[in-house]
Amino acid sequence: MEEQIVYEDNHLLVINKKVGQLVQGDKTGDESLLEAIKNFIKKRDEKPGNVFLGLVHRIDRPTSGLVIYAKTSKALSRLTQMVKNREVKKTYWAVVAKEIIPKTNKLVHYLKKNEKNNKAIVFPKATDGAKEAILTYNVIKILENYLLLEIDLETGRHHQIRAQLSKTGVPIKGDLKYGAPRSNPDGGISLHARKLEFIHPVTKENIEIVAPVPQNDAVWRACED
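Caption draft 1: Focus on helix H2 (residues 73-84). Spanning 12 residues, H2 covers 17 Å between terminal C-alpha atoms, matching the ideal 16 Å at 1.5 Å per step. All of the buried residues in H2 are Ala75, Leu79 and Met82. Taken end-on, H2 shows its buried residues confined to a sector of 55°, consistent with a single buried face. Among the structural elements, strand E2 (12-17), strand E4 (64-70) and strand E10 (191-199) are those in contact with the buried residues of H2. Positive phi appears at Arg86, one or two residues downstream of H2, with a value of about 60°.

Here's what the structure looks like:
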């Protein structure tokens, strides 16, 4: 667990999540990062009572990258509000199909969640029950068989990046749910929460955190070369 912590102080803890890890408990009953970190802190800091830890935001189980947890209730309430107000800038990396697309582009769609198959339905224009989804991507590296995109999110919708890129014709590597031709060996998808930028909710200093990509994947390693 310790090697996954990329930032920690008295108020915050930021984890570089691995593919397949749950950020918080769900119906599978698998151990979540929330519980694992609580247990780790309790043991490391020799805490006699319960450890307070609050989840600030989520990323999907098949993705990797940065997740913020709050160690105090003050930090949790402030950060939750900051996320809601879009005051936490999230930058993602995605490895996608190698197609001819604009080098930079702003994507605007409308997404509606299908509860039955846990998938986002994408509409090109405003539709009843659908929420506006906006992101901007830049092609930052051309690999032998893939493109590496850097993505800035303006909104935070369910499966937003996965659904919008698929609709644009460049599904994320390994993302069978959204049109990738084959799965990744680890069962995940090549979407990585690469960077977080925000004002610390208590100290008010500028925080910028970058997460290394998964090192067990040759394509990801090529992205950082």
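Caption draft 2: Molecular detail of the pairing of strand E1 (residues 5-8). The pairing of E1 with E2 spans 3 bridges and is antiparallel. Note that in E2 the partner of Ile5 across the bridge is Ile15. In textbook terms, the turn of a hairpin is the stretch between consecutive antiparallel strands, and for E1 and E2 this stretch comprises 3 residues.

Caption draft 3: Just the side chain of Gln4, in detail. Relative to the elements of secondary structure, Gln4 occurs in the segment before E1. Residue Gln4 is classed as buried on the basis of its relative accessible area of 5%. One polar contact links Gln4 to Gln21, side chain to side chain, over a distance of 2.8 Å. Look past the residues within four positions of Gln4 in its chain and what remains in contact with it is Val14, Ile15, Asn16, Lys17, Lys18 and Gln21.

Caption draft 4: Spatial organisation of the environment of Leu22. Of note, Leu22 is situated in the loop between E2 and helix H1 (33-44). Overall, Leu22 belongs to the buried group, its relative accessible area being 8%. For the pair Leu22 and Asp60, spaced 38 residues apart in sequence, the C-alpha to C-alpha distance is 7.8 Å. Apart from the residues lying within four places of it in its own chain, the contact partners of Leu22 are Thr28, Asp30, Glu31, Ser32, Leu33 and Arg61.

Caption draft 5: Main features of the nonpolar core. Formed by 32 residues in total, the largest nonpolar core has its most connected members in Tyr69, Ile151 and Leu165. Put simply, the parts of the chain that give this core at least two residues each are E2, H1, E4, strand E5 (89-97), strand E8 (131-142), strand E9 (146-153), helix H3 (160-167) and E10. When neighbours within four sequence positions are excluded, Tyr69 is seen to be in contact with His11, Leu12, Leu13, Ile15, Val23, Leu33, Leu34, Ile37, Leu53, Gly54, Leu55 and Val56.

Caption draft 6: View of the pattern of salt bridges. Evaluated as defined, the whole model comprises 12 salt bridges. Taking the shortest distance from any N to any O, the salt bridge between Lys71 and Glu8 comes out at 2.8 Å. Here the residue Lys71 occupies a position in the loop between E4 and H2, and Glu8 occupies one in strand E1, the gap between them amounting to 63 residues. Exposure remark for Glu8: the relative accessible area of 28% places this residue in the partly exposed category. Glu115 serves as the salt-bridge partner of Lys113, at 3.9 Å between the closest nitrogen and oxygen. Relative accessible area serves as the criterion here: at 37%, Lys113 is assigned to the partly exposed category. Judged by its relative accessible area of 60%, Glu115 is exposed.

Caption draft 7: Representation of the packing of aromatic side chains in the model. Applying the stated criterion across every chain, the model contains 0 aromatic pairs. In this structure, Arg194 is placed above the aromatic ring of Trp93, and the distance from its NZ or CZ to the ring centre is 3.9 Å.

Caption draft 8: Just H3, in detail. The buried count for H3 comes to 6 of 8 residues, which makes it a mostly enclosed element. Along H3, the residues classified as buried are Gln160, Ile161, Arg162, Ala163, Gln164 and Leu165. Contact partners of the buried residues in H3: E5, strand E6 (104-114), strand E7 (119-123), E8, E9 and E10. Immediately downstream of H3, the backbone of Gly169 shows phi near 100°, a positive value.

Caption draft 9: Region of interest: the pairing of E6. Pairing of E6 with E8 involves 8 bridges; the strand directions are antiparallel. Pairing of Leu107 across the sheet is with Leu135, part of E8. Where E6 and E7 come together, 5 bridges link them in antiparallel fashion. Directly across from Tyr110, in E7, lies its bridge partner Phe123. Between the end of E6 and the start of E7, which pair antiparallel, lie 4 residues, with Asn118 showing a positive phi angle near 50°.

The rules behind each value
The residue numbers shown here count from 1 along each chain, following its written sequence. Residues qualify for local features only when their pLDDT is at least 70, as the model is predicted, and side-chain atom pairs are given and counted only at 80 or more; totals for whole chains, interfaces and linings, by contrast, use all residues. Note: side-chain values were computed over all heavy atoms of the structure, leaving out hydrogens and water. Every helix listed is a DSSP run of H or I at least four residues long, and every strand listed is a run of E at least two residues long, numbered separately from the N terminus. What a helix should span is 1.5 Å times the count of its residues minus one. Relative accessibility decides the category of a residue: with a 1.4 Å probe and only protein chains considered, values under 20% of the type maximum give buried, values over 50% give exposed, and everything between is partly exposed. To obtain the arc, one takes the directions from the helix axis to the C-beta atoms. Should any heavy atoms of two residues lie within 4.5 Å, those residues are considered in contact. Here the rule is simple: two strands pair whenever DSSP picks up at least two bridges between them. A 3.5 Å cut-off defines polar contacts: any pair of N or O atoms within that distance qualifies, except that in protein one atom must be a possible hydrogen donor and the other a possible acceptor, and neighbouring residues in sequence count only when both atoms are side-chain atoms. Side-chain atoms within 4.5 Å link the members of a nonpolar core, which is a set of buried Ala, Val, Leu, Ile, Met, Phe, Trp, Tyr and Cys residues. Criterion for a salt bridge: a side-chain nitrogen of Lys or Arg within 4 Å of a carboxyl oxygen of Asp or Glu. Aromatic rings from Phe, Tyr and Trp, with only the six-membered ring used for Trp, were paired whenever their centres fell within 6.5 Å, and each pair was classed as stacked if the ring planes differed by under 30 degrees, edge-to-face if by over 60, and tilted otherwise. Ring-over charges, as used throughout, are those where CZ of Arg or NZ of Lys falls within 6 Å of the ring centre and within 35 degrees of the ring normal.

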